[in-house]
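So the chains spell out like this:
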Amino acid sequence: MGGKSLRLGFLTLAVLLLAAASEGAEPPPSCEAVRKVFQLRRLGPLGGVPEFPRAGVDLQVCTSKNPTCCTKKMEERYQTAAKQDIQQVLQTSSATLKFLISHNAAAFQEMFEMLIRLAENYTSTLFCNAYRSMAAEATVPVQEFFTDVGLFLFGTDVSTEEFVNRFFDTLFPVVYNHVLNPGPTDISLEYGECLRVARRDIRPFGNVPEKAIGQMGRALLPSRTFLQALNLGIEVINTTDHLHFSKDCSRALLRMQYCPHCQGLTLSKPCMGYCLNIIRGCLADVAEVDLHWRGYVQSLEELSRAMSGAYSIEHVLLNFHSLVNDALVQARINGPELSEQVNKMCGPPVRKPKESPGCSFDQNKDNQGLKMFSRDSEETLTNRRKDFISHLRHYRAFYGGLADQLCGNELAAADGLPCWNGEGVVRSYTHRVVGSGIKAQSANPEVKVKGTDPVISKIIDKLKHVIQLLQGKSFPKYDKWDLQQTGSGGGVDEQISGDCDDEDGCGGSGSGEFKRVLKITDWMPDKTKLSDVKQIHQTNDGSTLDTTGAGCTAMADYMTFMLISLVIPFLSLW
């Protein structure tokens, strides 16, 4: 017991002696330790560091009544190093969050690109198998349509309504030439242009184009906004990682991190309260991001849930070919009536020598693998979004607790240990510790905060805007991502279920809940179905219509096979 008391007495004495030395009892006998650290940090030429303490009358921040191991030039280099140190700590603290967002942004974009390619292949396969005579002429409209889908999805300012209408406008002359009024020769370019312009008045495809416009808008807009939000998240982190520190903050950082070196105290760390005051002062603007960052994460989570269901991008794109088939069947059913309307608006057909080649799209090779991937894609994307959001939730309060994290994990001395308070080594920091945010800094004893950083203000404005986008408030047509089902040729099955995860896009009222169980339509391009089995569609009068094509016999598209081969292993890593 006596030995324990003796050790405690020695420890107390050591602390008191250390504090007394730091308060100016005696300067360090030499500057050797300071020179070693200065050289190790590569802060400048060693020749500029004194070998023994000297008068520091030229110092502006690290002032002391006693001789010092610092010169004015060293003080300048220390100030630069102090700012660089904080920048490095900031970047280290946000590295995992930045990687989480940037990696997922790239992964989602790659998944969306694959979905577009698959949907284009399905639509081309539809023409090749069921409408072989028009397959070649339909190639350009199909390619242009899915190019527009990609442009819209990845941020280009194009209208979903316009490119959907353009697709059906361009498709109508092809359908007229090969389905409604086929002949030994093709219609002329001028006559085709008249048909294209007249399509919206004649309405050969019924309400299918309007249905497609609604589905594409509701499916593509949330996904586009989701990608934009992820990219903004990266921008926010890059902005806060590279702050421009004020002059007063830079001097405070120097005083906290390197002024102890001038007194030979190269191993000292700042007191926790002292560190918090300085870092909260320097990051006062960043703390203002906290409220909006929380709203950003919450809005991303809400949108992620809304992206699952009947209007999910994967469901709508992979079933677009079914809508196209519905449109073609509709035109064929109403063929005689449409021909009369065309004659009234464009006159009798003007023809030219036939140039239409046969089907050139290859879709058989590895078609089963493509089909299996497509059926799993909705679950894959949904799970990916769930996994991403579940990880992002951990960073909801990232900016609110950033100063505490930096001081607690990196900068400040542990509780109970002697620490630097800006003047000397003490047992505890006695000044008031202020809170986070700009308003709280008016009482900060260590750092003066003047106004708001315009760079941070700008990034906050961007966060406010993207939160509105994520919540659907900037798009009255799709307010709050209203996913009310209107029915389509996409084959949506709903199954009542008592087991419902919030992330599954469940909704309901009263005592019951329902869970959407979505399936890719049975009208999937399949070499065993479309090539050999008749496609029978029932008309309004109860009769049946045979739309069987001759089938495709060539090998699959090599690029599609390679794309799937690359993406499937990638998905397995997640």
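Computed from a predicted structure; not experimentally measured. (Residues numbered from 1 in each chain as written. Predicted model: local features only at pLDDT ≥ 70, side-chain atom pairs only at ≥ 80, totals over all residues. Heavy atoms only, no water.)

**Let's talk about the state of the cysteines**
1) Next: Summed over all chains, the structure comprises seven disulfides.
2) Next: Residue pairing for C271: its cysteine sulfur links by disulfide to C419, the two sulfurs lying 2.0 Å apart. Between C271 and C419 the disulfide shows an S-S torsion of about 90°. By sign, it is right-handed. One end of the pair, C271, is in the loop between helix 9 (259-262) and helix 10 (272-282); the other, C419, is in strand 3 (residues 419-420), with 148 residues separating them in the sequence. Across the pair, C419 and C271 agree in class, each one buried. (Disulfide = S-S within 2.5 Å. Helix = DSSP H or I, 4+ residues; strand = E, 2+ residues; numbered from the N terminus. Buried < 20%, exposed > 50% of the residue type's maximum accessible area, 1.4 Å probe, protein only.)

**Focus: the environment of I456**
1) Next: Structurally, I456 is set in helix 18 (residues 454-470).
2) Next: Judged by its relative accessible area of 1%, I456 falls in the buried class.
3) Next: The spatial distance from the C-alpha of I456 to the C-alpha of T239 is 7.6 Å, given a sequence separation of 217 residues.
4) Next: Once you skip the residues sitting within four places of it in the chain, I456 turns out to touch T239, T240, L243, D285, V286 and V289. (Contact = heavy atoms within 4.5 Å.)

**Examining the pattern of salt bridges**
Pairing is possible between side chains that carry opposite charge, provided their charged atoms lie close to one another.
1) Next: What the rule picks out here adds up to 16 salt bridges.
2) Next: R280 serves as the salt-bridge partner of D404, at 2.8 Å between the closest nitrogen and oxygen. Residue D404 is found in helix 17 (residues 402-411), and its partner R280 is found in helix 10; the two are separated by 124 residues along the sequence.
3) Next: For E314, the salt bridge is made with R385, and the minimal N-O distance between the two is 3.3 Å. Separated by 71 residues along the polypeptide, E314 in helix 13 (residues 313-318) and R385 in helix 16 (residues 367-392) bring together distant segments of the chain. (Salt bridge = Lys/Arg side-chain N within 4 Å of Asp/Glu carboxyl O.)

**Notes on the packing of helix 4 (residues 135-153) against helix 5 (residues 160-180)**
1) Next: Remark: helix 4 packs on helix 5, axes separated minimally by 9 Å, with the N-to-C direction vectors making an angle of 175°. Considering the angle they form, helix 4 stands roughly antiparallel to helix 5. Along the contact surface, helix 4 presents E137, A138, P141, V142, F145, D148, V149 and F152, while helix 5 presents T160, F163, V164, R166, F167, T170, L171, V174, N177 and H178.
2) Next: Across the contact of helix 4 with helix 5, the residue classes tally to 11 nonpolar, four polar and three charged. (Axes fitted to C-alpha atoms, helices over the stretch in contact; angles between N-to-C directions. Parallel < 35°, antiparallel > 145°, perpendicular 65-115°, else oblique. Nonpolar A, V, L, I, M, F, W, Y, C, P; charged D, E, K, R; others polar.)

**Comments concerning the packing of aromatic side chains**
1) Next: Tallied over the entire structure, the rule returns 23 aromatic pairs.
2) Next: Between Y176 and Y191, the aromatic rings sit 6.0 Å apart at their centres with planes inclined by 45°, giving tilted as the arrangement. Of this pair, Y176 sits in helix 5 while Y191 is found in helix 6 (residues 189-202), placing the two residues 15 residues apart along the sequence.
3) Next: Residue Y191 is classed as buried on the basis of its relative accessible area, which comes to 4%.
4) Next: Grouped by ring-pair contacts, the aromatic residues F145, F146, F152, F163, F167, F168, F172, F205 and F320 constitute a single cluster.
5) Next: Above the face of the F152 ring, R224 is positioned so that its terminal group lies 4.5 Å from the ring centre. (Phe/Tyr/Trp six-rings, centres within 6.5 Å; stacked < 30°, edge-to-face > 60°. Lys NZ or Arg CZ within 6 Å of the ring centre and 35° of its normal.)

**Here's the deal with the confidence of the model for the protein chain**
1) Next: Taken residue by residue, the protein chain gives an average pLDDT of 78. The fraction at 70 or more is 73%.
2) Next: By mean pLDDT, strand 6 (residues 514-516) is the weakest element of the protein chain at 27, and helix 10 is the strongest at 96.
3) Next: When the criterion is pLDDT under 50, residues 1-25 qualifies, and its contacts beyond four places in sequence or with other chains add up to 15 contacts.
4) Next: The low-confidence segment residues 475-574, where pLDDT is below 50, has 223 contacts with residues more than four positions distant or belonging to other chains. (pLDDT = per-residue confidence, 0-100.)

**Topic: helix 12 (residues 289-306)**
1) Next: When the terminal C-alpha atoms of helix 12 are compared, their 26 Å separation across 18 residues agrees well with the 26 Å that a helix rising 1.5 Å per residue should span.
2) Next: Of all the 18 residues making up helix 12, 13 are buried; the element is thus mostly covered by neighbouring parts of the structure. (Expected span 1.5 Å × (residues − 1).)

**A few points about the environment of F52**
1) Next: Mapped onto the elements of the fold, F52 is located in the loop between helix 2 (32-40) and helix 3 (72-130).
2) Next: For the pair F52 and C70, spaced 18 residues apart in sequence, the C-alpha to C-alpha distance is 9.8 Å.
3) Next: When neighbours within four sequence positions are excluded, F52 is seen to be in contact with P29, S30 and C31.

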